[in-house]
Amino acid sequence: MDLTPIHPKVTPIYQTSVFKFNSLAELETYYTSPDHGGMYGYSRSEHPNSDELVAEVARLEGASGGGVATGAGLAGLLAAVLAVCQTGDHVLCPAELYGGSVVLLSNELSRLGIETSYVPLAQLYDVASHRRPNTKLVLAEVLSNPLLTVLDGPRLAQACQAEGILLLIDSSFTSPMLTQPLSWGADMVWHSATKYLAGHSDVTAGIVVARDPAIAKNLRRLATNLGLMLAPLESWLAVRGLKTLRLRMRQHSENAMTLARFLADNPAVSQVFYPGLESHPGHDLAAHQLLGGLYGGMLSIRLADDSAAAVDAFIQKTKLFPLAPSLAGVSSSCSYPAATSHRGLTEAQRAQLGITPGVLRLSVGIEEVADLLVDLEHALGQG
Ligand SMILES: *Cc1c(COP(=O)(O)O)cnc(C)c1O
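Residues numbered from 1 in each chain as written. Predicted model: local features only at pLDDT ≥ 70, side-chain atom pairs only at ≥ 80, totals over all residues. Heavy atoms only, no water.

Draft legend 1. Highlighting the overall build of the protein chain. Per the secondary structure count, the protein chain includes 14 helices and 11 strands. Radius of gyration (C-alpha) of the protein chain: 22 Å, near the 21 Å computed for a compact globule of 383 residues. Once the C-alpha set of the protein chain is aligned to its principal axes, its extents read approximately 75 × 55 × 35 Å. Per-residue burial for the protein chain yields a buried fraction of 54% across its 383 residues. Contacts in the protein chain between residues at least 24 apart in sequence constitute 73% of all its contacts with a sequence separation of at least 6. In the form shown here, the protein chain has an accessible surface area of approximately 16,900 Å², with 55% of it arising from carbon and sulfur atoms. The centroid of the 26 positive side-chain charges in the protein chain is displaced by 3 Å from the centroid of its 35 negative side-chain charges. (Helix = DSSP H or I, 4+ residues; strand = E, 2+ residues; numbered from the N terminus. Rg over C-alpha atoms; globule rule 2.2 N^0.38 Å. Buried < 20%, exposed > 50% of the residue type's maximum accessible area, 1.4 Å probe, protein only. Contact = heavy atoms within 4.5 Å. Areas by Shrake-Rupley, 256 points an atom, 1.4 Å probe, with all protein chains shown as cover. Lys, Arg positive; Asp, Glu negative; His and termini not counted. Charge placed at Lys NZ, Arg CZ, Asp CG, Glu CD.)

Draft legend 2. Geometry of the site of the ligand. Around the ligand, 13 residues are found, and the nearest of them are Leu74, Asp170, Ser192, Thr194 and Lys195. Gly73 is positioned such that a nitrogen or oxygen atom in its backbone is 2.9 Å from an oxygen atom of the ligand. Between the ligand and Leu74 there is a distance of 2.9 Å, counted from an oxygen atom to a backbone nitrogen or oxygen. Compared with its free state, where it exposes 380 Å², the ligand has 90% of that area covered by protein. Within the shell around the ligand, the residues separate by chemical class into 7 nonpolar, 4 polar and 2 charged. (Near = heavy atom within 4 Å. Polar contact = N/O pair within 3.5 Å; in protein donor to acceptor, adjacent residues only side chain to side chain. Nonpolar A, V, L, I, M, F, W, Y, C, P; charged D, E, K, R; others polar.)

Draft legend 3. Representation of the domain arrangement of the protein chain. What the domain assignment lists for the protein chain is domain 1 (24-242) and domain 2 (245-379). Each of domain 1 and domain 2 has a C-alpha centre, and these two points are 26 Å apart. Contacts between domain 1 and domain 2 engage 31 residues on the former and 34 residues on the latter. In total, about 2,800 Å² of surface goes out of reach between domain 1 and domain 2, with carbon and sulfur atoms giving 67% of it. Summed over the three residues of domain 1 that lose the most area to domain 2, namely Leu147, Leu178 and Tyr196, the buried surface amounts to 28% of that side. For the pair domain 1 and domain 2, the number of links is 0 salt bridges. Between the two partners, domain 1 and domain 2, sit 14 residue pairs in polar contact (both at pLDDT 80 or more). Looking at the side of domain 1 that touches domain 2, the elements with two or more residues in it are helix 7 (153-163) and helix 9 (232-242). In terms of residue class, the side of domain 1 that touches domain 2 is made up of 18 nonpolar, 11 polar and 2 charged. (Domains from an automatic or database assignment. Buried area = accessible area lost by both parts, 1.4 Å probe. Salt bridge = Lys/Arg side-chain N within 4 Å of Asp/Glu carboxyl O.)

Draft legend 4. Spatial organisation of the pattern of salt bridges. Using the criterion set out here, one finds 6 salt bridges in the structure. Its salt-bridge partner being Glu108, residue Arg111 comes within 2.6 Å of it at the nearest N-O pair.

Draft legend 5. Summary view of the sheet that holds strand 4 (residues 135-141). Overall, mixed pairing links the 7 strands, which are arranged 1-7-6-5-4-2-3 in an open sheet. Every other strand in the sheet has two partners, leaving strand 1 (66-70) and strand 3 (115-119) as the edge strands with one partner each. Averaged over neighbouring strand pairs, the angle between their axes works out to 20° when direction is ignored. Alignment of strand 2 (residues 90-94) against strand 3, held across 5 bridges, turns out to be parallel. Paired with Cys93 across the bridge in strand 3 is Tyr118. Running over the sheet, helix 3 (residues 73-84) touches strand 1, strand 2, strand 4, strand 5 (166-170), strand 6 (188-192) and strand 7 (206-210) and is turned about 160° from strand 6. Of the strands in this sheet, strand 2, strand 3, strand 4 and strand 6 touch helix 4 (residues 99-108), which is tilted by about 135° from strand 3. (Pairing = 2+ DSSP bridges. Axes fitted to C-alpha atoms, helices over the stretch in contact; angles between N-to-C directions.)

Draft legend 6. Expanded view of the packing of helix 3 against helix 4. Two numbers describe how helix 3 lies on helix 4: the axes approach to 10 Å, and their chain directions differ by 45°. Relative to helix 4, the element helix 3 is oriented oblique. Along this stretch, helix 3 crosses helix 4, giving a crossing that reads as right-handed. For the pair helix 3 and helix 4, the contacting residues are Leu74, Leu77, Leu78 and Val81 in the first and Gly100, Ser101, Leu104 and Leu105 in the second. Residues that form the contact of helix 3 with helix 4 fall into these classes: 6 nonpolar, 2 polar and no charged. (Parallel < 35°, antiparallel > 145°, perpendicular 65-115°, else oblique. Left-handed = near helix turned anticlockwise from the far one by under 90°.)

Draft legend 7. A look at the side chain of Ser307. Positionally, Ser307 belongs in the loop between strand 9 (298-303) and helix 12 (308-317). Take Ser307: its relative accessible area is 18%, and that puts it in the buried class.

Draft legend 8. Main features of the side chain of Ser192. Relative to the helices and strands, Ser192 resides in strand 6. Dropping the residues within four chain positions of it, Ser192 is found in contact with Gly73, Ser172 and Ala205.

Okay, structure coming up:
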């Protein structure tokens, strides 16, 4: 079938595992040319839908080297670490790191002889003191989960550069609409595209982009050799999500700001964790560093009745914040860190991090904000 005369406005889903070659000469060109001479061979290595996704994220992040799209956010972390680390290398992280990243680093990559250690974010900037002779990479998040601690990205990037250590930033909570970490001097940016990039809670995906083309090439090689490549349909869904990223991030952020102010005044809530509030310890940093006056859609609260029973009562009453342990979709949800992301810790360890039994994380969607306010007022009310 000759598709040449067909000109779709939107890239179709190339739901094919393999591509055809017209001759041995063409096959030879595919294997020997830079970028395969613009051809495609086998979808584990490359396909048009993931190329479109990566090109768009690389453009938004200012990542001249390009990158790779993977079947989950965590597969992106695996690729990012293996792209720059060997057996015997060490990775330095903040203690507040996302639980799934901790499990991958400390339970799985440790078995390959890649070590990880953790220090509280406030101390991480002193990279010179916490590094080991074999430290190759620092991994940090722009906003931590669930208390939304704000990273001073340029400061960390400078400290890493001074030590000759690479910096990988997990930007899943902010997206390139709020931060472009390569502009701080980071080396790679990693997204759970499952979250804001795709944005509709209907796809699991990861993306890593790099400034250095040599690192980006390693990322793509690893995706091919480890089978990490994101599939065509998922790539297409993520590309479709990206088309509204700018609009969504604005609405997520505006809604979250309105809810944060409302919750701060609600007697059923003792504390609101949202970087957009002046009362948040990271507010000045966030105001200086995040783009567009936006602070994202993630916020956490501590209920005045600081108990699991009070959280459960909220969950039973709310209609618009279903308990669903993910985040960043167009419709709102809530999550209970003590039973999900931080369930591996003891209650005392959680308390030390500030995650007491009454802490609840909200992922604020893009619904009509008045509807969200009515629902929260009801869910937090007595009776
Ligand atoms: C969800 C998440 C991840 C992991 O991504 P998956 O797509 O679930 O594999 C990594 N970092 C952060 C901050 C996340 O929220």
